[in-house]
Amino acid sequence: LLTALYLLPLIPNLLGSLDDSLRDLVESNRATEESKHKLISFMAFLCHEIRNPLFAITSSASFLGDTDLSEEQQIGVGSIFDSSLLMLRLVNDVLDLSKIDAGKLELEERDFDLRRLLENLETNMRMQVAQKHGTAVVLGFDVKE
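What comes next concerns the included structure. Given the structure is predicted, the values throughout are model-derived calculations rather than measurements. (Residues numbered from 1 in each chain as written. Predicted model: local features only at pLDDT ≥ 70, side-chain atom pairs only at ≥ 80, totals over all residues. Heavy atoms only, no water.)

Turning next to the nonpolar core. Grouped together as the largest cluster of nonpolar side chains are six residues: Ala 44, Cys 47, Leu 54, Leu 88, Val 91 and Leu 95. At the level of secondary structure, the elements contributing two or more residues to this core comprise helix 2 (11–65) and helix 3 (71–102). If we skip the residues at most four places from it in the chain, Leu 54 touches Ser 84, Met 87, Leu 88 and Val 91. (Core = buried A, V, L, I, M, F, W, Y, C linked by side-chain atoms within 4.5 Å. Buried < 20%, exposed > 50% of the residue type's maximum accessible area, 1.4 Å probe, protein only. Helix = DSSP H or I, 4+ residues; strand = E, 2+ residues; numbered from the N terminus. Contact = heavy atoms within 4.5 Å.)

At a closest axis distance of 8 Å, the pairing of helix 2 and helix 3 adopts a crossing angle of 155 degrees. Overall, the two elements helix 2 and helix 3 adopt an arrangement that is roughly antiparallel. The two elements helix 2 and helix 3 cross, and the hand of that crossing is left-handed. (Axes fitted to C-alpha atoms, helices over the stretch in contact; angles between N-to-C directions. Parallel < 35°, antiparallel > 145°, perpendicular 65-115°, else oblique. Left-handed = near helix turned anticlockwise from the far one by under 90°.)

Turning next to the environment of Arg 115. Topologically, Arg 115 is positioned in helix 4 (residues 114–133). Along the sequence, Arg 115 and Leu 54 sit 61 residues apart, while their C-alpha atoms lie 24 Å from each other.

Printed below as a string of structure tokens:
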């Protein structure tokens, strides 16, 4: 009982310290959220700037792919085209993050050609491995229709 009486005058100080700590925590959380929003806005701005040149690369590669090219050139142009599409998807994903952050994301369902996706993946990986290691890679996949 004597210890409890001794601690009684300390309670206002402890409550004040707890209140200060909670206020600091709330302020820190607000600053973190504000920094996150600024970073996402900056990334969205950069992606908008990157997207236009990527459209030009994609359309140029598509146009070039429709010309008379050797098989090796066709593979290279196809890789440029597919890689630019991949970059566009990444840019669009970052833009989607900014929409999520703003509460404006709308989801959509799309069909896609799994066989073509896997063939493009194999082509890109084969070229990357050959450039980096000088070896060949072959991926096997079996897609049911």
